[in-house]
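# What the coordinates show
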Amino acid sequence: MAKTKAPRRTLDSYSVKHINRTVKPGDCVLMRPSDTGKPSYVARIERIEADSRGANVKVHVRWYYRPEESIGGRRQFHGSKEVFLSDHHDVQSADTIEGKCTVHSFKSYTKLDAVGNDDFFCRFEYNSATGAFNPDRVAVYCKCEMPYNPDDLMVQCEGCSDWFHPACIEMTPEEAKRLDHFFCESCSSESQKKLQNSHNASRISDTKVDTKRRRR
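Everything in this summary refers to the structure shown in the same document. Bear in mind that the values here come from a model prediction, so they are computed numbers and not experimental data.

What follows concerns the overall build of the protein chain. Helix and strand content of the protein chain: three helices and 13 strands. Burial analysis of the protein chain (216 residues in total) assigns 33% to the buried set. Within the protein chain, residue pairs in contact and separated by at least 24 positions form 52% of the contacts whose partners lie at least 6 positions apart. If you sum the accessible surface of the protein chain, you get close to 14400 Å²; carbon and sulfur atoms cover 47% of it.

Written as structure tokens, this is what we have:
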């Protein structure tokens, strides 16, 4: 007679003894990779289960992918701490949890005063089968029309409010850091045009005044 599978029960939380931390569904964790030469995997816990004795604890996770783990690979605008929330679900032993981490929204991450080793950010969901991203479009900046990489220094134009990489405006990072004010090439040209038009209008106005005076 075949043995019936022992029922498993869902846990609200679980204390991971080897890291002395308690995890619960919704937490983001670092998990031990099969290849010790790779960085820890990042995952979000969806559910925690144990056997009837409370042992053999398993975590149901949803993986975050690093850019280099995606089909398209890492691109210039990807941040060093960027991860993608994938549709890849898995079940792992709780013993493979190496620590807890925080995956911030993109907006929250850019407002951090300091980024720790356990801080990551996510602005895309990723389909592991097709390589598609959601959203499939994001705002682009600078003359190079690239999405924002929070690791890169950028300067903001006081005219159009667009952001620019120092290298794209023929400036070194050191020079950019010393800027008190910055106007991009387009805004500088527009300002010059407005200034020129203002001078022309002023000269026309002065001529009219002078002409009237000569007529008296």
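After presenting the structure, the write-up continues.
The subject of this paragraph is the nonpolar core. One finds Met31, Ile45, Val59 and Ile97 to be the most contacted residues of the largest nonpolar core, which totals 22 residues. Residues in contact with Met31, not counting those within four places in the same chain, are Ser40, Tyr41, Ala43, Val59, Val61, Trp63, Gln92, Ser93, Thr96, Ile97 and Glu98.

Another aspect to go through is the pairing of strand S4 (residues 28–31). Neither face of S4 is exposed, since Cys28 and Leu30 on one face and Val29 and Met31 on the opposite face are all buried. By the bridge criterion, four bridges tie S4 to strand S5 (residues 41–50) in an arrangement that is antiparallel. Each bridged residue has a counterpart across the sheet, and for Met31 the counterpart in S5 is Tyr41.

Looking now at the side chain of Ser70. The residue Ser70 is located in the loop between strand S6 (58–65) and strand S7 (84–93) in this model. Residue classification places Ser70 among the buried positions, given a relative accessible area of 8%. With residues up to four places along the chain from it excluded, the contact list for Ser70 reads Phe84, Tyr126 and Phe133.

This part is about the pairing of strand S9 (residues 119–122). The two faces of a sheet get side chains in turn, since along a regular strand they alternate between them. Along S9, one buried face is formed by Asp119 and Phe121 and the opposite face, lined by Phe120 and Cys122, is buried too. Of the strand pairs in this sheet, strand S8 (residues 97–105) and S9 are connected by four bridges, and their pairing is parallel. Bridge pairing in S9 links Ser105 to Cys122.

A cis amide bond links Asn134 with the next residue in sequence, Pro135, at an omega value of 0°. Along the chain, the position of Pro135 falls in the loop between strand S11 (133–134) and strand S12 (155–156). Its identity is not glycine, yet Glu145 carries a phi of approximately 55°, on the positive side. Relative to the elements of secondary structure, Glu145 occurs in the loop between S11 and S12. The backbone phi angle of Ser161 is positive, close to 70°, even though this residue is not glycine.

Here we take up the state of the cysteines. Counted according to the given criterion, the structure contains zero disulfides. Take Cys160: it sits in no disulfide, and the sulfur closest to it among the cysteines is that of Cys157, at 3.7 Å. In this structure Cys160 comes out as partly exposed when scored by relative accessible area, which is 38%. No disulfide involves Cys187; its sulfur sits 3.6 Å from the nearest other cysteine sulfur, which is in Cys157. On the basis of relative accessible area, Cys187 is assigned to the buried category, the value being 14%.

Criteria and cut-off values
- Residues numbered from 1 in each chain as written.
- Predicted model: local features only at pLDDT ≥ 70, side-chain atom pairs only at ≥ 80, totals over all residues.
- Heavy atoms only, no water.
- Helix = DSSP H or I, 4+ residues; strand = E, 2+ residues; numbered from the N terminus.
- Buried < 20%, exposed > 50% of the residue type's maximum accessible area, 1.4 Å probe, protein only.
- Contact = heavy atoms within 4.5 Å.
- Areas by Shrake-Rupley, 256 points an atom, 1.4 Å probe, with all protein chains shown as cover.
- Core = buried A, V, L, I, M, F, W, Y, C linked by side-chain atoms within 4.5 Å.
- Pairing = 2+ DSSP bridges.
- Disulfide = S-S within 2.5 Å.

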